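Breakdown of the fold
Residues per chain are reported as follows:
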Amino acid sequence: MKIAFVGKGGSGKSTLSSLFIRYLQNVRKRNVLAIDADLNMNLAGLLGVTIDEQTLMARPDVAESIRNFLKGGNKRVPDVSKFLPTTPPGAGSNLVCSAQEPGLQPFCVNVSQSPIVNLLTVGSYDKDGIGQTCYHSHLFVAENILSHTVTSPDFTIVCDMVAGTDAFAYSMHLQFDAIVLIAEPTPESTEVCKLYMDLARQCGVDKLIHLVGNKVEDADDIEFISKTVDKKLLVSVPAMPKLKKARQRGEIVGGELLDPRLTQVMRIIENGAQLPAISPAQRLEMLHKLHLKLNEKQWVQLGYGDVADQIDPDFQYLPHLAGAIK
Ligand SMILES: Nc1ncnc2c1ncn2[C@@H]1O[C@H](COP(=O)(O)OP(=O)(O)O)[C@@H](O)[C@H]1O
Ligand SMILES: [Mg+2]
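Everything numeric in this text was worked out from a predicted model, so none of it was measured.

A tally of helices and strands in the protein chain yields ten helices and eight strands. Against the compact-globule benchmark of 20 Å for 326 residues, the protein chain has a radius of gyration of 19 Å, which places it among compact chains. For the protein chain, the spread of C-alpha atoms along the three principal axes comes to 55 × 40 × 40 Å. Within the protein chain, the proportion of its 326 residues that are buried is 54%. Within the protein chain, contacts between residues at least 6 apart in sequence are counted, and of these 73% link residues at least 24 apart. A total of about 14200 Å² of accessible surface is found on the protein chain, and carbon and sulfur atoms cover 51% of it. When the 33 positive and 36 negative side-chain charges of the protein chain are each reduced to one mean point, those points stand 3 Å apart.

As structure tokens, this is what we get:
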């Protein structure tokens with residue numbers, strides 16, 4: 001399963017992502033590849049590990065190395081500079097099939113050895129990028145990884161997503177089996193969620209979205225969220241005063257915080273996300289369409305040439321067909 005946590009800045013994406021990761025690790029004993037795709041890199045701190053700046057995926061050398069690995073023997077992509085966010089996998093591509101994928105290993109921070117929990121971080125703007133690039137271009141490489149992935153019951157990708165509706169910029173919304181949309185019981189938060197739902201409907205991915213309330217204090221909060229977003233909640237997370245105190249003490253999220261009540265919430269999220277409403281094959285078809293749409297853009301034609309050929313009509317997400325499965 002590939003699952004993303006989205007919502008307004010401050011709604012609880014990083015907190016719920018890390019709780020879900022800890023639940024998968026400690027309760028379900030699952031291997032996890034966590035991806036921090038937010039400009040504000042918080043996931044490492046919440047998981048109690050330190051990021052090595054040299055491994056951030058926003059670095060051009062790191063992105064190039066990752067794309068070289070993903071490209072493998074795919075002849076439809078002449079070189080890694082031709083990777084667009086929508087570049088699909090094709091014959092010969094390497095697919096990410098485990099949380100300890102050797103091609104990504106140099107850029108992972110290990111959070112747990114058994115089961116394996118590894119963290120990849122996209123990263124923020126560097127000083128040369130300020131005013132020159134938009135954050136979306138940094139996300140391209142995360143999109144490439146996600147489109148070149150085959151998960152299994154024992155391999156989950158959990159993505160702490162960029163804030164707000166930015167995730168619709170390129171193909172991010174097409175990359176997941178489930179999207180957890182987090183709503184605080186505030187008009188500001190539910191407004192973003194409503195917009196997100198509208199965009200998701202337009203792109204045909206609204207079926208993937210599970211609305212989860214956060215910092216909820218009573219039944220009125222739940223009603224406020226479902227009414228204003230116009231969607232039923234899958235579950236809600238209570239406001240946790242002890243979380244603030246724990247964070248003030250510098251404690252990681254997990255451990256005692258993941259009490260039986262929160263464990264049950266995480267179980268409901270896992271179960272809700274279990275059966276993907278859109279199959280990987282259907283998502284690939286949508287990615288192909290988006291790729292062809294991007295191919296019509298002038299900046300693509302000028303910078304990349306015609307990329308329609310990158311689509312391999314015969315490709316299927318079967319790990320044994322991947323270029324260099326170990
Ligand atoms: N259920 C909750 N109860 C209390 N505080 C919470 C809860 N969820 C998140 N927080 C706090 O809200 C703030 C924002 O959460 P965070 O996960 O960083 O949001 P995001 O990643 O969406 O920006 C943090 O200080 C976090 O500790
Ligand atoms: Mg965050």
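Having seen the structure, we can now continue with the description.
This paragraph deals with the sheet that holds strand β3 (residues 109-112). One key point about sheets: their strands pair by backbone hydrogen bonds, in either a parallel or an antiparallel sense. Strands sit in the order β3-β4-β2-β5-β1-β6-β7-β8 across an open sheet of eight strands; the sheet is mixed. Where the open sheet ends on each side, the last strands, each with one partner, are β3 and β8 (235-238). Adjacent strand axes in the sheet meet at a mean angle of 25 degrees, parallel and antiparallel pairs treated alike. Contacts from helix α5 (residues 187-203) reach β1 (2-7), β6 (178-183) and β7 (209-216) within the one sheet, and its direction differs from that of β6 by about 155 degrees.

Inspection of every chain in the model, using the stated rule, returns four aromatic pairs. Seen in terms of ring centroids, Phe-5 and Phe-20 are 5.6 Å apart; in terms of plane orientation they differ by 55 degrees. Their pairing is tilted. With Phe-5 in strand β1 and Phe-20 in helix α1 (residues 13-27), the pair connects residues that are 15 residues apart, well separated along the chain. We note that Phe-5, like Phe-20, is buried. Between the aromatic rings of Trp-299 and Tyr-304, the centroid separation amounts to 6.1 Å while the plane-to-plane angle is 75 degrees, which identifies the pairing as edge-to-face. Joined through ring pairs, the aromatic side chains of Phe-5, Phe-20 and Tyr-23 make up one cluster.

Turning to the site of ligand 1, a few remarks are in order. Taken together, 15 residues lie around ligand 1, and Gly-10, Lys-13, Thr-15, Asn-214 and Met-240 are the ones closest in. Asn-214 places a side-chain nitrogen or oxygen 2.8 Å from a nitrogen atom of ligand 1. Contact between ligand 1 and Met-240: a nitrogen atom at 2.8 Å from a main-chain N or O atom of the residue. When the free accessible area of ligand 1 is taken as 560 Å², the share hidden by the protein chains comes to 76%. Elements with a minimum of two residues in the shell around ligand 1: α1, β7 and β8. At three residues, α1 tops the list of elements feeding residues into the shell around ligand 1. Here the shell around ligand 1 is composed, by residue class, of five nonpolar, seven polar and three charged.

Our focus in this paragraph is the side chain of Asn-31. Within the secondary structure, Asn-31 sits in strand β2 (residues 31-36). In terms of polar contacts, Asn-31 uses its side chain to reach the backbone amide nitrogen of Ile-116, at 2.8 Å. Ignoring any residue separated from it by four or fewer positions in sequence, one finds Asn-31 in contact with Ala-99, Pro-115, Ile-116, Asp-154, Phe-155 and Thr-156.

As a working rule, side chains carrying opposite charge can pair if their charged atoms are close by. A full pass over the atoms with the stated rule returns seven salt bridges. Salt-bridge contacts for Asp-177 lead to Arg-283; the nearest nitrogen and oxygen are separated by 2.8 Å. One end of the pair, Asp-177, is in the loop between β5 (155-160) and β6; the other, Arg-283, is in helix α9 (residues 280-295), with 106 residues separating them in the sequence. Asp-177 gets classed as buried once you look at its relative accessible area, which sits at 8%. Among the residues examined, Arg-283 registers a relative accessible area of 7% and is labelled buried. Between Lys-215 and Glu-184 there is a salt bridge whose closest N-O contact spans 3.6 Å.

Attention now moves to the side chain of Arg-283. Polar side-chain contacts of Arg-283 include one of 2.8 Å to the side chain of Asp-177. When neighbours within four sequence positions are excluded, Arg-283 is seen to be in contact with Lys-2, Leu-174, Gln-175, Phe-176, Asp-177 and Ile-278.

What counts as what
- Throughout, residues of each chain are indexed from 1 in the direction in which the sequence is written.
- By the order in which they are written, chains take letters starting at A while ligands take numbers starting at 1.
- Since the coordinates come from a predicted model, pLDDT governs what is reported: local features require at least 70, and pairs of side-chain atoms require 80 or more to be given and counted, while whole-chain, interface and lining totals use all residues.
- Excluding hydrogens and water, the side-chain figures rest on all heavy atoms present in the structure.
- Runs of E in the DSSP output that reach at least two residues are strands. Runs of H or I that reach at least four are helices, and both are numbered from the N terminus.
- The reference for a compact globule is 2.2 Å times residues^0.38; the radius of gyration itself is calculated from the C-alpha atoms.
- Remark: exposure states derive from per-residue accessible area (1.4 Å probe, protein chains only) relative to the maximum for the residue type, with buried under 20%, exposed over 50%, and partly exposed in between.
- Contacts are assigned to residue pairs that have any heavy atoms within 4.5 Å of one another.
- Per-residue and other accessible areas were derived by the Shrake-Rupley procedure at a 1.4 Å probe size, with only the shown protein chains allowed to occlude residues.
- Positive: Lys, Arg. Negative: Asp, Glu. His and the chain ends are not part of the count.
- For the purpose of locating charges, the reference atoms are NZ of Lys, CZ of Arg, CG of Asp and CD of Glu.
- Pairing between strands requires that DSSP locate at least two bridges from one strand to the other.
- Lines fitted to C-alpha atoms define the axes here, with helix axes fitted over just the stretch in contact, and angles between the N-to-C directions of these axes take values from 0 to 180 degrees.
- Only rings of Phe, Tyr and Trp enter the pairing, Trp through its six-membered ring, and a pair is recorded when the two centres are within 6.5 Å. The plane angle decides the type: under 30 degrees is stacked, over 60 is edge-to-face, the rest tilted.
- Consider each residue's heavy atoms; a residue with any of them within 4 Å of a molecule or strand counts as near.
- Here a polar contact is recorded for every N or O atom pair within 3.5 Å, except that within protein the pair must consist of a potential hydrogen donor and a potential acceptor, and residues adjacent in sequence are included only if both atoms are side-chain atoms.
- We call Asp, Glu, Lys and Arg charged. Ala, Val, Leu, Ile, Met, Phe, Trp, Tyr, Cys and Pro are nonpolar, and the rest, Gly among them, are polar.
- Each salt bridge in this description consists of a side-chain nitrogen of Lys or Arg and a carboxyl oxygen of Asp or Glu lying within 4 Å of one another.

All quantities given are derived from atomic positions and should not be read as evidence of function.
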